[in-house]
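Fold and contact review
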Amino acid sequence: MKEILTALITPFYENGEIDFVSLRFLVEEQIEKGIDGFIVCGTTAETPALSDEEQDQVIQCVISQCKGRCKVYAGAGTNCTATTIAKICHYEQYDLDGYLLVTPYYNRPSEEGLFLHFKAVSVVTKRPIILYHIPSRCGVSISVDLLKHLLSTCDNIIGLKYAANDYRSIMAIKQLLPSFLLYSGDDISCFNAMRDGFDGVISVLSHLQLPNMRLALKFDDPALIDDLQRMAAYCFIESSPAPVKYMLSTYGLCMNVLRLPLCSLSAVNQSFLDRYAIPLNDKLRNKDLLC
């Protein structure tokens, strides 16, 4: 069965403080709808704008709300190996299922640098590690050769989040290591990727359309998948999580508040989502209620 993990937002009040009431509600709603797990303190959570103390509070809040009913992975990757190691060592106190480690961003290490970085980080924990390939943000890629090198050295690297639509290039790793987990990180192409052999998706769209994502995977319904792909595109008309936060706010599930340097969706794009995305989302939600 394909897994759906939600890359969880961090709700804020108007004064900028974390809205833990809404966070708990979102987590509980997702669990009731059958989510397989959460990624907390990832990019979608606006983690670069959260203090270390706030990241701890978010992790503790989600773990306590989940009560072991689904997986919880924490984003722990930075562009400094020592800082990443320190973060993981600190997070070992929490009852997490593992870590998501993004490639070091901005400093653009070589493939050897990436290998040495992930190798050094992997030895400080026995918990599972999912690597995160997102070259559009980080400027570096995780190649099949790098994966093969890492997997022959690091026993606890168990999966990869692949956030690009050229996913077929990475499928060679499944032929070599069928047990290695591939998660799509691109909501638009994730249904094709899972049809072609990916094990699941780490999703932003699942905040809005988790039940229908399940239906699309179960029945391979082309019309439903087309609608979900359009909804996924709406979730990224500006930097995430601005679009999904705006849409969630229209349903009273969080406030339309982000932390600088991110800001709320532009008025033009709010109007665009009001005209196209919200009606489509409502249509799909009604379809879900009828099933």
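Residues numbered from 1 in each chain as written. Predicted model: local features only at pLDDT ≥ 70, side-chain atom pairs only at ≥ 80, totals over all residues. Heavy atoms only, no water.

**A few points about the nonpolar core**
If you look at the biggest cluster of nonpolar residues, it comprises 102 residues, and the most contacted ones within it are Phe38, Val62, Leu131 and Met247. When near neighbours in sequence (up to four residues on either side) are disregarded, methionine 247 contacts Leu208, Met231, Tyr234, Cys235, Leu273, Ala277 and Ile278. (Core = buried A, V, L, I, M, F, W, Y, C linked by side-chain atoms within 4.5 Å. Buried < 20%, exposed > 50% of the residue type's maximum accessible area, 1.4 Å probe, protein only. Contact = heavy atoms within 4.5 Å.)

**Comments concerning the packing of aromatic side chains**
Enumeration over the complete set of coordinates arrives at four aromatic pairs. On the numbers, 5.6 Å between centres and 80° between planes, the contact of tyrosine 167 with phenylalanine 198 is edge-to-face. Placement of tyrosine 167 in the loop between strand E6 (157-162) and helix H7 (172-176) and of phenylalanine 198 in the loop between helix H8 (190-195) and strand E8 (200-203) is noted, with a sequence separation of 31 residues between them. Per residue, the accessibility class of tyrosine 167 equals that of phenylalanine 198, and both read buried. For the pair tyrosine 234 and phenylalanine 272, a centre-to-centre distance of 5.8 Å together with 75° between the ring planes defines the contact as edge-to-face. Separated by 38 residues along the polypeptide, tyrosine 234 in helix H10 (residues 222-234) and phenylalanine 272 in helix H12 (residues 267-290) bring together distant segments of the chain. By relative accessible area, which is 11% here, tyrosine 234 ends up buried. Phenylalanine 272 sits in the partly exposed class, given a relative accessible area of 34%. Clustering of aromatic rings is evident, with ring pairs tying together Tyr234, Phe272 and Tyr276. (Phe/Tyr/Trp six-rings, centres within 6.5 Å; stacked < 30°, edge-to-face > 60°. Helix = DSSP H or I, 4+ residues; strand = E, 2+ residues; numbered from the N terminus.)

**A look at the layout of surface pockets**
The rolling of a water-molecule-sized probe over the atoms marks out the regions of remaining empty space. Computed from the structure, the largest pocket encloses a volume of approximately 600 Å³. For the largest pocket, the lining is made up of 25 residues, of which Gly42, Thr43, Thr47, Pro48 and Tyr105 are closest to its centre. For the lining of the largest pocket, the elements supplying multiple residues, two or more each, are strand E4 (98-102) and helix H5 (135-138). Taken together, the residues that form the lining of the largest pocket break down as 12 nonpolar, nine polar and four charged. One number sums up the size of the second largest pocket: a volume of about 350 Å³. Breaking the lining of the second largest pocket down by element, the ones donating at least two residues are H5 and E8. Class assignment for the residues of the lining of the second largest pocket results in eight nonpolar, seven polar and five charged. (1 Å grid on protein atoms, 1.4 Å probe; cavity = no way out; pocket = protein on both sides within 12 Å on 5 of 7 lines; lining within 4 Å. Points joined across faces, edges and corners; volume = space filled by probe spheres on them. Nonpolar A, V, L, I, M, F, W, Y, C, P; charged D, E, K, R; others polar.)

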